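# Geometric and topological summary
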Amino acid sequence: METLDRQLINALKNDGRAPFRRIASQLGVSDQVVARRYQRLCGSAGLRVRGRVNGRRLGQAEWLIRLQCVPSASRGVAQALAQRDDTHWVRLASGGTEIICHVQARSTSERDALLLDRLPATRRVTAISAHQVLRRFRGGPVTWQVPMAAVPGPERTEADGSAVRQGGRAAARQGAEPVELVSGDLALLGALARDGRASHALLAAELDRHESTVRRRIGQLRADGVLYFDVDFDEAAVGYADNAVLWISVAPSELDAVGRALARLPDVPFAAATTGQCNLVATMLSADHDGLYEGIAHRVGSLPGIHDIQTAPVIRTVKRVGEIGRALQ
């Protein structure tokens, strides 16, 4: 992937609804070049811009679910989870015996129905553990930026994989009062989840609302930190053939420092403090197995306060932000 493609992806990560003419001006190319590159990336890398809800601003909890499955059943269970609209990042790991997914529980009843009823009733699920996300250090509104180099090596600095925070000031406040959605917000958020770059006119026609109303409401939801935009794409297109989920046990007094240090690494697009025996979870990308070893042994393993790291290599991503992987459709 050329540097211009990486710059385009990062421009969309900064503002998924930015007009092509503004992106073109930032990158020093024409509108037509940006449009062509965008369409090409949509076809070759599965690039999609999707509206995302910051559940914390609505008083919702996010959970990381680990399922141990009989190997013959893991694909079917992963597909069933991917079909739900409250899941994202559904992955098969550890040789296909483990499923890892994020669940955005809109209510305690929805959470309990999934964790206490549906999943335990699935015969070939042999073990379940649920970990509530307490603090995100990177991922979600704190968007990972694609490094400009082909693949970041151990000698590269945090500047190669910087992050940008989306949303308004409310997104950064801890303990802020939850935002109340108004009539029509759920339909608007659902439409933006399918296509984050849909025009105001198209959204207004789909939702039977005035275009000016749609424009104002999107602006308010973004300012309140409820709505942000994420970019779905295949990481292999930027040189990351391998990735793994790291379940890390950290001394409580070092948890914040280690989480922030992980968030500065260019090959870590997600890091969060969670409940459970492993109190920090991160995703690490690498070009190959050697790169994964270097990342775990040197960049992560050398951080003070880490007691243990469990590594779950991802063998297939069934669902990313919002779309089921093309290989499984």
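Along every chain, residues carry numbers that run from 1 in the direction the sequence is written. For this predicted model, a pLDDT threshold of at least 70 governs which residues receive local features, and a threshold of 80 or more governs which side-chain atom pairs are given and counted, while totals over whole chains, interfaces and linings are taken from all residues. To obtain the side-chain values, all non-hydrogen atoms of the structure were included, while hydrogens and water were left out.

Glancing now at the overall build of the protein. For the protein, the helix and strand inventory stands at 10 helices and 12 strands. The atom set for the radius of gyration is the C-alpha atoms, and the globule formula is 2.2 Å times the number of residues raised to the power 0.38. The C-alpha atoms of the protein give 20 Å as radius of gyration, which agrees with the globular expectation for 329 residues (20 Å, within 12%). For the C-alpha atoms alone, the extent of the protein along its principal axes is close to 50 × 45 × 40 Å. Should any heavy atoms of two residues lie within 4.5 Å, those residues are considered in contact. A separation of at least 24 residues holds for 75% of the contacts in the protein among residues at least 6 apart in sequence. Only the protein chains shown count as covering a residue, and every accessible area follows the Shrake-Rupley method with a 1.4 Å probe. Only carbon and sulfur atoms are counted for the fraction: they give 49% of the accessible area of the protein, which is about 14,900 Å². When charges are counted, Lys and Arg are positive and Asp and Glu negative, with His and the chain ends excluded. Charge placement uses NZ in Lys and CZ in Arg. For Asp and Glu, CG and CD serve respectively. Measuring between centres, the 43 positive side-chain charges of the protein sit 4 Å from its 35 negative side-chain charges. In this text, helices come from DSSP runs of H or I with a minimum length of four residues, and strands from runs of E with a minimum of two, each type numbered from the N-terminal end.

For the rest of this paragraph, the subject is helix α4 (residues 71-82). Multiplying 1.5 Å by the residue count of a helix minus one yields the expected span of that helix. Over its 12 residues, α4 extends 17 Å from the first C-alpha to the last, a length consistent with the 16 Å expected when each residue adds 1.5 Å. Those residues of α4 that are buried are in contact with β2 (61-69), β3 (87-93), β4 (98-105), α5 (108-118), β5 (125-138) and β12 (306-319).

Our next topic: the pattern of salt bridges. Where charged atoms from two side chains of opposite charge approach closely, those side chains can pair. Note on definitions: salt bridges are taken to be side-chain nitrogens of Lys or Arg within 4 Å of carboxyl oxygens of Asp or Glu. The tally for this structure, following the rule as stated, stands at 20 salt bridges. One salt bridge in this structure joins R111 and D112, with 3.0 Å as the shortest N-O distance. With a 1.4 Å probe rolled over the protein chains alone, any residue whose accessible area is under 20% of its type maximum counts as buried; one over 50% counts as exposed, and the rest are partly exposed. Note on R111: relative accessible area 26%, which makes it partly exposed. Of the residues examined, D112 reaches a relative accessible area of 28% and is grouped as partly exposed. Within the structure, one salt-bridge network assembled from shared partners comprises E2, D5, R37 and R40.

Before going further, it helps to examine the confidence of the model for the protein. Low pLDDT marks regions whose predicted coordinates should not be analysed in detail. For the protein, per-residue confidence averages 88 on the pLDDT scale, and residues scoring 70 or more make up 91% of the total. Here residues 151-159 scores under 50 on pLDDT; set against residues more than four positions off or in separate chains, the count is 16 contacts. The predictor attaches a confidence to each residue, called pLDDT, with possible values from 0 through 100. Confidence drops under pLDDT 50 across residues 325-329; counting only partners more than four residues distant or on other chains, this segment forms 14 contacts.

Moving on: the sheet that holds β4. Read around the closed barrel, the eight strands follow the order β2-β4-β3-β12-β9-β11-β10-β5; overall the barrel is antiparallel. With strand direction ignored, the average angle separating the axes of adjacent strands in the sheet is 35°. A pair of strands is treated as paired once DSSP finds two or more bridges between them. By the bridge criterion, seven bridges tie strand β9 (residues 242-250) to strand β11 (residues 280-286) in an arrangement that is antiparallel. Paired with I248 across the bridge in β11 is L280. Axis definition: a line fit to C-alpha positions, over the contact stretch in the case of helices; interaxial angles, taken between N-to-C directions, run 0 to 180 degrees. Strand contacts of helix α9 (residues 255-263): β5, β9, β10 (270-274), β11 and β12, with the helix running at about 85° to β5, the strand carrying the most contacts. Against the sheet, helix α10 (residues 289-300) makes contact with β9, β11 and β12, and its axis sits at roughly 140° relative to β11, the strand it touches most.

If you check the backbone angles, W89 has positive phi at about 50° while not being a glycine. Looking at where W89 falls in the secondary structure, it is placed in strand β3. Even without being glycine, S94 reaches a positive phi, approximately 55°. With respect to the secondary-structure elements, S94 resides in the loop between β3 and β4.

Taken N-terminus to C-terminus, the directions of helix α1 (residues 3-14) and helix α2 (residues 20-27) make an angle of 130°; their axes are 11 Å apart at the nearest point. Taken together, the axes of α1 and α2 lie oblique to each other. The crossing of α1 and α2 is right-handed. In contact with L4, Q7, L8, A11 and L12 of α1, α2 contributes I23, Q26 and L27. Gly falls in the polar group here, along with every residue not listed as nonpolar (Ala, Val, Leu, Ile, Met, Phe, Trp, Tyr, Cys, Pro) or charged (Asp, Glu, Lys, Arg). Considering only residue class, the contact of α1 with α2 consists of six nonpolar, two polar and no charged. Any angle from 65 to 115 degrees is called roughly perpendicular, while one under 35 is roughly parallel, one over 145 is roughly antiparallel, and all others are oblique. Each crossing gets its handedness from the near helix: less than a right angle anticlockwise from the far helix is left-handed, clockwise is right-handed.

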